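# Reading the structure
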Amino acid sequence: MRLVLAASAVWALAACSTPPRLNYDLSAIDGGFAARAGRRGQLVILEPTAILPIASNRIVVRTGADVVAYLTGAQWADQLPVLVQTRLIETFQNARLLRAVGRPGMLADYSLRTDIRRFELDVAGNQAVVEISAQLVGSSGRILAGKVFSASAPAERDDGPTITRALDAALADVMRQIVAWTAPQI
């Protein structure tokens, strides 16, 4: 029993000594889209798919071709796929190019299916890299079009604020590309 209590005390002290991770958020694009007469169509943005290590709230750092780690002391404010879905919906809504954009559950003419392929700091090039594959799906479930979008942004330092700003900038570029590609097809 003493051994169990001693181990519990050590574990509790170790848990207290670990500083909490700082939470970082991503931004939606607020404007800058070319105006288009006659908004049409409704679009559902599905939650992006992703594999570990991306499908988490941790910030991925690629240290080699086949080696990844997590940024120490930092994390996303939510699971990355949920966060990207939310910011993509907000970006489409801010663009005001479609009649309605939302989450699954609304009646829509189209849905946008995405897969987050890369969302990481590439240490070798000091670059934040975002790559998202997108498919426009009709109401029948048939894939109408697909494309891969990517962008990068420099990260001068390896601290949380710098890396997350660079990832946010790369995501903004990718979201702008996705909106510009999707809206004319609806």
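Nothing here was measured: the structure is a model prediction, and the numbers come from that model. (Residues numbered from 1 in each chain as written. Predicted model: local features only at pLDDT ≥ 70, side-chain atom pairs only at ≥ 80, totals over all residues. Heavy atoms only, no water.)

## Considerations on the packing of helix 2 (residues 80-95) against helix 3 (residues 160-182)
Here helix 2 crosses helix 3 at 55°, and the two axes come no closer than 10 Å. The angle between helix 2 and helix 3 falls in the class oblique. Taken as a pair, helix 2 and helix 3 cross one another with a handedness that is right-handed. Every residue of helix 3 that contacts helix 2 at Val84, Arg87, Leu88, Thr91, Phe92 and Ala95 is listed here: Leu171, Met175, Ile178, Val179 and Thr182. Broken down by class, the residue content of the contact of helix 2 with helix 3 amounts to eight nonpolar, two polar and one charged. (Axes fitted to C-alpha atoms, helices over the stretch in contact; angles between N-to-C directions. Helix = DSSP H or I, 4+ residues; strand = E, 2+ residues; numbered from the N terminus. Parallel < 35°, antiparallel > 145°, perpendicular 65-115°, else oblique. Left-handed = near helix turned anticlockwise from the far one by under 90°. Contact = heavy atoms within 4.5 Å. Nonpolar A, V, L, I, M, F, W, Y, C, P; charged D, E, K, R; others polar.)

## Brief notes about unusual backbone geometry
Cis rather than trans, the peptide bond between Leu52 and Pro53 has omega equal to 10°. Along the chain, the position of Pro53 falls in the loop between strand 2 (40-45) and strand 3 (58-64). Even without being a glycine, Arg96 presents a positive backbone phi close to 55°. Positive phi outside glycine occurs at Asn126, with the angle close to 50°.

## A few points about the environment of Ile54
Relative to the helices and strands, Ile54 is located in the loop between strand 2 and strand 3. When near neighbours in sequence (up to four residues on either side) are disregarded, Ile54 contacts Val60, Leu80, Pro81, Ile116, Arg117, Arg118 and Phe119.

## Topic: the confidence of the model for the protein chain
With 88% of its residues at a pLDDT of 70 or more, the protein chain has an overall mean of 89. Here residues 1-13 is a poorly scored stretch, pLDDT under 50, and it has zero contacts once near neighbours within four places are set aside; other chains count. (pLDDT = per-residue confidence, 0-100.)

## Thoughts on helix 2
Here helix 2 spans 22 Å end to end across 16 residues, near enough to the 22 Å set by a 1.5 Å rise per residue. Of all 16 residues in helix 2, 12 are buried; the element is thus mostly enclosed. By the burial criterion, the buried members of helix 2 are Leu80, Pro81, Leu83, Val84, Gln85, Thr86, Arg87, Leu88, Ile89, Thr91, Phe92 and Ala95. Two residues or fewer after helix 2 comes Arg96, characterised by a positive phi angle close to 55°. (Expected span 1.5 Å × (residues − 1). Buried < 20%, exposed > 50% of the residue type's maximum accessible area, 1.4 Å probe, protein only.)

## Observations regarding the pairing of strand 6 (residues 110-122)
Bridging between strand 2 and strand 6 involves three bridges; their strand directions are parallel. Each bridged residue has a counterpart across the sheet, and for Leu43 the counterpart in strand 6 is Tyr110. Of the pairings in the sheet, the one linking strand 3 to strand 6 comprises three bridges and is parallel in character. By the bridge assignment, Val61 is partnered in strand 6 with Leu121. (Pairing = 2+ DSSP bridges.)

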